[in-house]
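If you want the building blocks of each chain, they are given just below.
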There are 2 protein chains.
Amino acid sequence: MNVLAVGSVALDTVETPFGRREEILGGSATYFSYACSFFAPVNLVAVVGEDFPPEYRAALEKRGIDLAGLEVRPGRTFRWGGSYRYDMNEAETEFTSLNVFEGYHPRIPADYRRSGYVFLANIDPHLQLEVLEQVRRPRLVVGDTMNLWIGLKKEVVWEVVKKLDILIFNDAEARQLTGEVSLKKAAEKIVRAGPEHVVIKKGEHGALLFSQKEIFSAPGLPLETVMDPTGAGDSFAAGFVGYLAKEENLTSSVLRRAVIYGSVMASFNVEDFSLNRLKKLKKGDIEKRYREFKDLVSF
Amino acid sequence: MNVLAVGSVALDTVETPFGRREEILGGSATYFSYACSFFAPVNLVAVVGEDFPPEYRAALEKRGIDLAGLEVRPGRTFRWGGSYRYDMNEAETEFTSLNVFEGYHPRIPADYRRSGYVFLANIDPHLQLEVLEQVRRPRLVVGDTMNLWIGLKKEVVWEVVKKLDILIFNDAEARQLTGEVSLKKAAEKIVRAGPEHVVIKKGEHGALLFSQKEIFSAPGLPLETVMDPTGAGDSFAAGFVGYLAKEENLTSSVLRRAVIYGSVMASFNVEDFSLNRLKKLKKGDIEKRYREFKDLVSF
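What you see is a predicted model, and the numbers here were worked out from it, not measured in a lab.

Analysis parameters
Residues numbered from 1 in each chain as written. Chains lettered and ligands numbered in written order. Predicted model: local features only at pLDDT ≥ 70, side-chain atom pairs only at ≥ 80, totals over all residues. Helix = DSSP H or I, 4+ residues; strand = E, 2+ residues; numbered from the N terminus. Rg over C-alpha atoms; globule rule 2.2 N^0.38 Å. Buried ≥ 20, exposed ≤ 12 C-beta atoms within 10 Å, placed from the backbone. Contact = placed C-beta atoms within 7 Å. Pairing = 2+ DSSP bridges. Nonpolar A, V, L, I, M, F, W, Y, C, P; charged D, E, K, R; others polar. Least-squares fit on C-alpha atoms with pLDDT ≥ 70 in both. Axes fitted to C-alpha atoms, helices over the stretch in contact; angles between N-to-C directions. Core = buried A, V, L, I, M, F, W, Y, C linked by C-beta atoms within 7 Å. Parallel < 35°, antiparallel > 145°, perpendicular 65-115°, else oblique. Left-handed = near helix turned anticlockwise from the far one by under 90°.

Focus on the overall build of chain A
Tallying secondary structure elements over chain A gives eleven helices and 13 strands in all. Computed over C-alpha atoms, the radius of gyration of chain A comes to 18 Å, within 12% of the 19 Å expected from 2.2 N^0.38 for 299 residues, which places it in the range of a compact globule. A buried classification covers 51% of the 299 residues belonging to chain A. Pairs at least 24 residues apart make up 66% of the contacts formed inside chain A by residues separated by at least 6 positions.

Examining the pairing of strand S5 (residues 66-73) of chain B
Here strand S4 (residues 42-49) of chain B pairs with S5(B) via six bridges, running parallel. Bridge pairing links Asn43(B) to Asp66(B) in S5(B).

Quick look at the interface of chain B and chain A
Interface size is often expressed as the accessible area that is lost when the parts come together. At the interface, 25 residues of chain B touch 25 residues of chain A. Broken down by secondary-structure element, the contributors of at least two residues to the side of chain B that touches chain A are helix H7 (183-193), strand S13 (215-218), helix H9 (252-269) and helix H11 (283-297) of chain B. Looking at the side of chain B that touches chain A residue by residue, the classes come out as 13 nonpolar, five polar and seven charged.

Some points on the relation of the copies chain B and chain A
Related by rotation about an axis and a shift along that axis, the two copies of the chain form a pair. Aligned on chain A, chain B shows an RMSD of 0.0 Å; the corresponding rotation is 180° and the shift along the axis is 0.0 Å. Considering both components of the superposition, the chain copies are consistent with a two-fold axis. Relative to the rotation axis, the C-alpha of His205(B) is the closest in chain B, positioned 3.0 Å from it. Comparing interface residues between copies, 100% of those in chain B also lie at the interface in chain A; the contact surface is shared.

A look at the sheet that holds strand S3 (residues 19-26) of chain B
Residue and element names in this part refer to chain B. Taken in spatial order, the four strands make up an open sheet running S3-S2-S6-S7, and their pairing is mixed. Each having just a single partner strand, S3 and strand S7 (91-97) make up the two edges of the open sheet. Direction aside, neighbouring strands of the sheet carry axes that sit 15° apart on average. Here strand S6 (residues 79-84) pairs with S7 via six bridges, running antiparallel. Across the sheet, the residue bridging to Arg 79 is Ser 97, located in S7.

A closer look at the sheet that holds strand S8 (residues 117-120) of chain B
Residue and element names in this part refer to chain B. Strand order in the open sheet formed by nine strands is S5-S4-S1-S8-S9-S10-S11-S12-S13, with mixed pairing between adjacent strands. Of all the strands in the sheet, the pair left with one neighbour each is S5 and S13. Ignoring strand direction, the axes of neighbouring strands in this sheet form an average angle of 15°. Relative to strand S10 (residues 166-170), strand S9 (residues 140-143) runs parallel, the two being bridged by two bridges. Across the sheet, Val 142 pairs through a bridge with Ile 166, a residue of S10.

Side note on the nonpolar core
Membership of the largest hydrophobic core comes to 198 residues, with the highest contact counts inside it found for Ala5(A) and Ala5(B). Residue contacts for Ala5(B): discarding those within four places in its chain leaves Ala29(B), Phe32(B), Ser33(B), Cys36(B), Val42(B), Leu44(B), Val45(B), Phe119(B) and Ala121(B).

Some points on the packing of helix H9 (residues 252-269) of chain A against helix H11 (residues 283-297) of chain A
Residue and element names in this part refer to chain A. Where H9 meets H11, the closest approach of the two axes is 9 Å, and the angle between their N-to-C directions is 115°. Between H9 and H11, the angle is such that the two are roughly perpendicular. H9 and H11 meet at a crossing whose hand is right-handed. Residues Ile 260, Tyr 261, Ser 263, Val 264 and Ser 267 of H9 form the contact with H11, whose own contacting residues are Ile 286, Arg 289, Tyr 290 and Phe 293. Considering only residue class, the contact of H9 with H11 consists of six nonpolar, two polar and one charged.

As for unusual backbone geometry
Note: most residues except glycine have negative phi, and most peptide bonds are trans. Residue and element names in this part refer to chain A. In the Ramachandran plot, Glu 23 falls in the positive-phi region, its phi being about 55° despite a non-glycine side chain. Following the sequence through the fold, Glu 23 ends up in strand S3 (residues 19-26). You will see that Asn 99, though not glycine, has its phi angle at about 50°, which is positive. Considering the arrangement of structural elements, one finds Asn 99 in the loop between strand S7 (92-97) and strand S8 (117-120).

Examining the environment of Thr96(A)
Residues and elements named next belong to chain A. Residue placement: Thr 96 occurs in strand S7. By the C-beta count within 10 Å, which is 14 here, Thr 96 ends up partly exposed. Sequence spacing of Thr 96 and Phe 236 is 140 residues, and the spatial spacing of their C-alpha atoms is 23 Å.

Printed below as a string of structure tokens:
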């Protein structure tokens, strides 16, 4: 079933201990759509400026991503600059230039309104709400957010959260949104507010899936080289939502496997800058790494 | 088979968001011995002062821990004070008073020299070497260390590490000792130096077991309340070594299960100050929590 992804498409300038790359293809919806396209057809809704490089558009089209919802507005594409220190755990934002994102309101093309699966990638929660007003009874709505929005618009973030079926975000954001140190307590607070499930990503330490009655812990794959963590969370969400879009029922085992597919996609994503590793990815690689995760935790 | 444990016995003053406790029973060998006694008979070698409270000695004896190697020297018992902030991830040391530990050299009682399993809990690596000179061909030698010794005596720590069969320490210490960010690379460096296996503890994020050809990832159990993390690493080592002491061969599955028993003991330990949670522990609790870990990761 088709997945509708709404978020940012950006030109990133990233510096990690492995080097610096300027104006590379990035953005939450970009990483999500690209990684998700290995599992399900993706309809992308986002905005770029007139300066958006044709080769970046071509890269997305090559994966069959539907770009009818990728609006081109006069002006410059959204830009983000960030750097990672030695431990690669968190990006330090160097600059954010909203550019065409300023005054942007997502318009969901008529064909997309009946998408079965909706992923609200990390963007202004007001825009996430606007998307939800335009879609018609999707089977599943999954959403992400970030510390910036929790800091600036906590109440709007909560409004979005209440409308989600599944919230995916990271441990620091879970603690920031709920004020709970215990991730278990944080997840309980969220599940009480609306979502049936919460996925809390923990970077190199894996991810936790909380449902009303159970918890699942997915490991992080110990990697020799993490070249650039940018987009890891979006790739995670992509494997997760993409796998769910192929399944009929949201059973506990389906959800657990989806978390592992998310972890698989994130583990590939961080092995190179931008989409470089995902561009080389073959279907067989995904299944091979899935089995590595299985072996990693079995006892 | 008997386990010989050498390390510190201390009076701790600990402050966490859940309260402050003064002069409670602590120390690396204390936590280890107490938790290990649920799996195997333990011979404890350490030193205390004349002020060591009889009720603390009685608590250890009650678990059948052999205290023939617990030397009483003139002076005061070793004291440590530490506090934990909101996130409970790392203790901030407030004070360390070596007291009777100054000038102490562990003497292994003749009866203990043929112990099958030796655990070198966190103490000065020079003392760890002295212990190894006194024991006779143990089946397995497992050791721990800490950031303090890596900082002060890195070469001596390496000397100890080379003589170990299994090194257990935490992620920050692994990075500090090896200079590698990637835990995988850090473990490879250690395995090249001598130990066949390395266990890297990651606090609430679980633990990784590295062998020459495989990696095992154990989850952290998401707990509602972590009251005091002091001794979690020692309790982990206790479940790990204690389980191994009951098994004939160090197969991959035995080692993996040992890591889970370590995680089980650590998860209990942090639920209360000092040994308070472990004092209430029943054998059935251990097996029940083992099954919770199994369920937590299965997919």
